[in-house]
Amino acid sequence: MGAVEAEIEMIGQSLDRFVMIDIGIGVAGPDDNAGPAIFSTRRQHRCREAVALLVSQSQEQGHLALDMRLLADVLLDKDVAERPETFAGALALTPVMFLDGVPHLLRFGHRLGLGHNTEPGQIVWRIADVFHAGSGSGCPWRAYCAWTDFRHQLRMESGRKATESGEVEEQDKNNDGDIFDYVIVGSGAAGSVLCRRLTEQPGVTVCVLECGPPDRHPYIHIPAGFIKMLFNPKFTWQFQTEPGEGINGRRIPTTQGRTLGGSSSINGMIYNRGQRADFDSWAQRGNRGWGYVDVLPYFKRTERRIGVADDRIHGREGNLPVTDMDWFHPVCDAFMDGAQELGIPRCEDYNSGDRQAGVGYFQRLINRGYRHSAARVFLHPARASGQLDVRTDARASRILFDGTRAKGVRYVDDLGRTTIRTVFARKEVIVSSGTANSAKLLQISGVGPEALLSELGVPVVADLPVGENFRDHYAVRIVARVKNIRTINEMSKGFGLAGQIARWALGRPSILALSPSLVHWFWKSEDTMQQPDLQGVFSPASYKQGFVGLLDDYPGMTAGVWQHRPESIGYVRARSTDPFEDPAIQPNYLKDPIDRRTLLNGMKLARKLLHTQALAEYFDGDELPGPDVHTDDEWMGYARQYGSTAYHLIGTARMGPVSDRTSVVSDELLVHGVQGLRVVDASVMPSMPSANTYSSTMMIAEKASDMILGRQPLAPVEGIAA
Ligand SMILES: Cc1cc2nc3c(=O)[nH]c(=O)nc-3n(C[C@H](O)[C@H](O)[C@H](O)COP(=O)(O)OP(=O)(O)OC[C@H]3O[C@@H](n4cnc5c(N)ncnc54)[C@H](O)[C@@H]3O)c2cc1C
């Protein structure tokens with residue numbers, strides 16, 4: 001044990017409650033041992049007031065950012081902030097913490113020579129002195145300090161503390177500490193829908209915090225830009241899963257959207273709702289109002305279907321244009337003819353709820369050549385109301401609670417990582433940060449499994465299984481070479497591409513305005529099944545190594561497949577309280593034998609679909625996994641090595657009644673055991689729908705908006721039986 005840890009240990013044992021501030025000049029930073037030691041002492045001795053202030057002389061940006069966030073944490077710490085006497089100390093930038101009138105400020109480190117082995121209970125210094133001493137010795141703290149925005153702290157110190165009471169009203173409405181009716185964290189699929197629906201109600205004010213930048217990049221809006229955006233860290237979260245036992249210990253890149261519109265700004269633009277049974281099973285788990293007949297009106301409310309459709313099932317008046325394919329390729333038609341040879345019928349509307357089985361073209365969220373993300377359709381138009389405040393590059397770092405009531409959100413500017421601000425919610429904080437990030441934010445704010453929170457050193461607000469029940473679709477792509485025709489692989493290069501750009505610019509059908517998959521095939525892994533348990537996709541294009549990214553140099557076609565409802569359950573867990581550190585994401589792909597068996601049959605079917613008579617004219621040989629793969633073991637070896645995510649993360653804040661110990665939110669999406677806090681995004685899905693997850697996420701947000709505004713749910717659609 002090092003000297004610092006020994007000292008902390010000794011003091012920790014002699015007190016049961018105290019405030020510790022560690023100022024490690026020059027040497028402190030992420031690698032310094034004082035911070036971890038303090039937090040472990042805090043856990044051992046239940047010292048809720050223990051905080052670490054690591055001030056570094058290092059000019060290196062990462063250290064600086066960490067230091068400044070921790071400094072603000074000290075000054076804004078909820079437990080500390082709610083003690084008037086504490087804030088009296090903080091007022092003069094003198095964070096001398098008092099407990100029951102007795103000051104406890106402990107110091108470790110030697111560099112300033114201000115006394116090392118300080119007795120507990122003795123005031124050691126005023127922070128102003130530290131800054132003074134620091135600057136005198138050439139330490140650039142003054143500059144650092146100026147970068148940190150203390151206005152909010154000062155306002156709080158002057159007595160206008162934010163609580164759930166009427167005092168909140170007195171907050172300065174034009175600056176930090178602004179107060180809104182609702183604060184939404186995340187402007188993705190769900191967040192964007194909420195922004196629009198809530199601000200349609202006159203007088204309602206909403207602030208949405210978005211970690212990423214605005215969605216101005218042209219590749220967001222031109223559908224083919226998908227392939228570029230997927231690897232752009234400015235607009236995406238470049239998550240990697242934990243090594244998976246079922247997939248040869250591999251980590252899988254798991255990109256998510258990080259801009260206005262969230263993943264809907266970078267996704268595959270497929271409109272797919274799933275089977276009736278998906279939602280009926282949600283209701284059967286005890287979630288009132290979430291059966292198919294209940295949710296269908298909300299799917300419809302979102303949708304503006306363009307094209308032939310059953311108007312009982314599809315919406316015509318909504319905001320989201322859902323279009324049919326306008327670009328056709330003979331290989332797609334041959335593929336569909338071939339499917340019929342195998343007994344898979346044409347299915348014109350897989351979104352009918354009752355009849356998904358079959359093959360056909362996908363419905364898409366592309367209209368007049370452009371992606372229609374949730375931001376484009378819902379968020380941007382909502383700005384015109386004047387009731388919506390959109391803050392980009394704003395990374396929520398903590399939900400603030402008053403006891404068990406959520407009262408606001410603290411956030412850090414995502415670029416400089418130095419400015420910390422707070423927004424308060426008069427009515428509710430709504431977490432819509434996506435399945436991985438919602439789980440992390442809840443956990444680092446004290447809502448999560450007690451054991452994990454204790455490891456993180458986070459005081460428990462609610463002990464709930466946040467982050468568990470995580471699921472994703474694991475996709476495997478079967479690739480064949482193509483002959484006798486050009487595929488997208490060639491059309492997207494050289495002169496071919498120039499021609500496609502020209503077509504797109506003239507508003508003609510073009511590969512620039514395509515979703516990555518054009519054709520669907522929903523089918524059963526076993527003949528005895530009533531409904532499909534597989535989703536397949538097809539495209540006259542292929543990617544190197546079967547992983548969506550670089551197109552192959554030869555003409556190719558791909559039949560991808562995944563299992564609708566994976567049994568394997570994983571988790572998302574914060575690694576630390578650092579809002580800038582990615583959480584651990586473990587989907588446990590292929591862990592469950594049912595998943596392996598289903599996928600095995602799916603892959604074999606995908607190959608058969610490439611080997612049909614109808615497709616023979618274009619089929620030029622198996623490429624992936626190649627002609628030598630025949631046995632089940634060989635197939636599974638391929639799946640383990642080449643499969644990847646379908647990007648459909650769900651379930652980390654599962655909806656269910658309190659009696660369901662796996663659930664986090666109620667059927668009104670309110671977090672169990674706390675007040676003023678809802679989760680509205682893909683994380684609340686109790687189980688995986690038999691579909692891509694975007695349309696269900698928007699449906700959830702549509703329905704949530706009525707709950708939030710206290711409206712009656714929409715009436716079931718006439719003519720659709722329960
Ligand atoms: C590459 C890809 C392809 C896909 N293809 C399809 C498809 O074709 N069809 C389909 O139906 N589904 C598809 N999906 C899935 C679909 O896009 C998602 O299910 C859906 O967007 C989830 O919505 P959400 O609101 O839960 O999260 P998101 O849309 O991911 O939004 C979450 C938002 O919260 C922000 N955020 C996160 N943490 C913080 C924080 N701490 N502070 C502030 N903001 C924060 C994020 O930056 C993001 O903007 C795809 C997804 C991906 C990633």
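Residues numbered from 1 in each chain as written. Predicted model: local features only at pLDDT ≥ 70, side-chain atom pairs only at ≥ 80, totals over all residues. Heavy atoms only, no water.

**Examining the overall build of the protein chain**
Inference 1: In terms of regular secondary structure, the protein chain is built from 22 helices and 28 strands.
Inference 2: Within the span of the protein chain, comprising 722 residues, buried residues form 62% of the whole.
Inference 3: Within the protein chain, contacts between residues separated by at least 24 positions form 69% of all contacts whose residues are at least 6 apart in sequence.
Inference 4: Of the roughly 26600 Å² that the protein chain leaves accessible, carbon and sulfur atoms contribute 51%. (Helix = DSSP H or I, 4+ residues; strand = E, 2+ residues; numbered from the N terminus. Buried < 20%, exposed > 50% of the residue type's maximum accessible area, 1.4 Å probe, protein only. Contact = heavy atoms within 4.5 Å. Areas by Shrake-Rupley, 256 points an atom, 1.4 Å probe, with all protein chains shown as cover.)

**Here we look at helix α22 (residues 694-708)**
Since the α-helix packs 3.6 residues into each turn, any two residues three or four apart lie on the same face.
Inference 1: Here α22 contains 15 residues, and its C-alpha end-to-end distance of 21 Å stays within 8% of the 21 Å for a straight helix at 1.5 Å per residue.
Inference 2: With 15 of 15 residues buried, α22 lies mostly within the body of the structure.
Inference 3: Immediately beyond the C-terminal end of α22, within one or two residues, lies Gly710, with a positive phi of roughly 70 degrees. (Expected span 1.5 Å × (residues − 1).)

**As for the site of the ligand**
Inference 1: Near the ligand there are 38 residues, and of these Glu210, Ser263, Gly268, Thr693 and Tyr694 occur at the shortest range.
Inference 2: Between the ligand and the protein, one listed contact pairs an oxygen atom with a side-chain N or O atom of Asn267 at 3.1 Å.
Inference 3: Protein burial of the ligand: of its 1000 Å² of free accessible surface, 97% is covered by the chains.
Inference 4: Every element with two or more residues in the shell around the ligand is listed here: α9 (189-199), β6 (253-257), β15 (394-402) and α22.
Inference 5: Classifying every residue of the shell around the ligand by side-chain character gives 15 nonpolar, 19 polar and four charged. (Near = heavy atom within 4 Å. Polar contact = N/O pair within 3.5 Å; in protein donor to acceptor, adjacent residues only side chain to side chain. Nonpolar A, V, L, I, M, F, W, Y, C, P; charged D, E, K, R; others polar.)

**Brief notes about the side chain of Thr255**
Inference 1: Inspection of the secondary structure puts Thr255 in strand β6.
Inference 2: Accessibility expressed as a relative area gives 5% for Thr255, which makes it buried.
Inference 3: Not counting chain neighbours up to four residues away, the residues in contact with Thr255 comprise Leu230, Thr236, Trp237, Gln238, Ile266 and Tyr647.

**Examining the environment of Leu590**
Inference 1: If you trace the backbone, Leu590 turns up in the loop between β25 (584-586) and α20 (593-610).
Inference 2: Relative accessible area serves as the criterion here: at 4%, Leu590 is assigned to the buried category.
Inference 3: Sequence separation between Leu590 and Ile569 is 21 residues, and the spatial gap between their C-alpha atoms is 9.6 Å.
Inference 4: Residues within four places of Leu590 in sequence aside, it is in contact with Gly246, Ile247, Tyr474, Ser568, Asp595, Arg596, Leu599, Met636, Ala639 and Arg640.

**Topic: helix α21 (residues 632-642)**
Inference 1: Within the span of α21, buried status applies to Trp635, Met636, Tyr638 and Ala639. With its buried residues spanning 155 degrees around the axis, α21 presents them on a single face.
Inference 2: On its buried face, α21 is in contact with β20 (474-482), α20 and β26 (619-624). (Arc of directions from axis to C-beta.)

**A short note on the packing of helix α12 (residues 276-284) against helix α13 (residues 292-302)**
Inference 1: For the pair α12 and α13, the least separation of the axes is 8 Å and the interaxial angle reads 120 degrees. Classified by the angle their axes make, α12 and α13 are oblique. Between α12, through Arg276, Phe279 and Asp280, and α13, the contact on the second element is made entirely by Tyr292, Val295 and Phe299.
Inference 2: Across the contact of α12 with α13, the residue classes tally to four nonpolar, no polar and two charged. (Axes fitted to C-alpha atoms, helices over the stretch in contact; angles between N-to-C directions. Parallel < 35°, antiparallel > 145°, perpendicular 65-115°, else oblique.)

**Brief notes about the pairing of β20**
Inference 1: Extensive coverage of β20 is indicated by the burial of eight of its nine residues.
Inference 2: In the sheet, β20 pairs with strand β27 (residues 644-645) via two bridges, with the strands oriented antiparallel. If you follow Tyr474 over to β27, its bridge partner there is Thr645.
Inference 3: Relative to strand β23 (residues 556-563), β20 is paired through six bridges, and the arrangement is antiparallel. From the neighbouring strand, Val476 faces β23, where its bridge partner is Val561.
Inference 4: As paired elements, β20 and β26 share three bridges and run antiparallel to each other. The partner of Val479 across the bridge, within β26, is Leu624. (Pairing = 2+ DSSP bridges.)

**Some points on the layout of surface pockets**
Inference 1: Quantified by volume, the second largest pocket comes out at close to 710 Å³.
Inference 2: Lining the second largest pocket are 25 residues, and of these Ala224, Gly225, Ile227, Ser492 and Leu551 lie nearest its centre.
Inference 3: Looking at the lining of the second largest pocket, the elements that each hand over two or more residues are α11 (226-229) and α19 (494-505).
Inference 4: Top element by residues in the lining of the second largest pocket is α11. It accounts for three residues.
Inference 5: When its residues are assigned to classes, the lining of the second largest pocket shows 18 nonpolar, five polar and two charged. (1 Å grid on protein atoms, 1.4 Å probe; cavity = no way out; pocket = protein on both sides within 12 Å on 5 of 7 lines; lining within 4 Å. Points joined across faces, edges and corners; volume = space filled by probe spheres on them.)

**Concerning the pattern of salt bridges**
Inference 1: Under the definition given, this model contains 31 salt bridges.
Inference 2: Of the charged contacts in the structure, one is a salt bridge between Asp354 and Arg276, with a shortest N-O distance of 2.9 Å. Remark: Arg276 occurs in helix α12 and Asp354 occurs in the loop between α14 (330-341) and β10 (358-361); sequence separation between them is 78 residues.
Inference 3: Residue Asp354 is classed as partly exposed on the basis of its relative accessible area of 48%.
Inference 4: Assessed through its relative accessible area of 16%, Arg276 is described here as buried.
Inference 5: Put simply, Arg301 and Asp706 hold a salt bridge, and the shortest N to O gap is 3.2 Å. Remark: Asp706 occurs in helix α22 and Arg301 occurs in helix α13; sequence separation between them is 405 residues.
Inference 6: A relative accessible area of 22% means that Arg301 is categorised as partly exposed. (Salt bridge = Lys/Arg side-chain N within 4 Å of Asp/Glu carboxyl O.)

**Thoughts on the state of the cysteines**
Inference 1: This structure, assessed with the given rule, holds zero disulfides.
Inference 2: The cysteine Cys195 is free of any disulfide, with Cys207 supplying the nearest cysteine sulfur at 8.9 Å. (Disulfide = S-S within 2.5 Å.)

**A look at the packing of α20 against α21**
Between two packed helices, what matters for the description is the angle formed by their axes and the separation of those axes.
Inference 1: Where α20 meets α21, the closest approach of the two axes is 10 Å, and the angle between their N-to-C directions is 95 degrees. When the axes of α20 and α21 are compared, the pair comes out roughly perpendicular. Contacts from Arg596, Leu599, Leu600, Met603, Lys604 and Arg607 in α20 reach Asp632, Trp635, Met636, Tyr638, Ala639 and Arg640 in α21.
Inference 2: By residue class, the composition of the contact of α20 with α21 is seven nonpolar, no polar and five charged.

**Description of the packing of aromatic side chains**
Inference 1: Within this structure, the stated rule accounts for 11 aromatic pairs.
Inference 2: A centroid spacing of 5.7 Å and a plane angle of 15 degrees characterise the contact between Trp237 and Phe239, whose relative ring orientation is stacked.
Inference 3: Summarising the aromatic geometry, the rings of Trp282 and Trp290 are spaced 6.3 Å apart at their centres and angled 50 degrees between planes, so their arrangement reads as tilted. Take Trp282 and Trp290: they sit in the same class, and that class is buried.
Inference 4: Site record: aromatic cluster; members linked through ring pairs are Phe279, Trp282, Trp290 and Phe299.
Inference 5: In this arrangement the basic side chain of Lys524 is found over the ring face of Trp523, its NZ or CZ atom lying 4.8 Å from the centre. (Phe/Tyr/Trp six-rings, centres within 6.5 Å; stacked < 30°, edge-to-face > 60°. Lys NZ or Arg CZ within 6 Å of the ring centre and 35° of its normal.)

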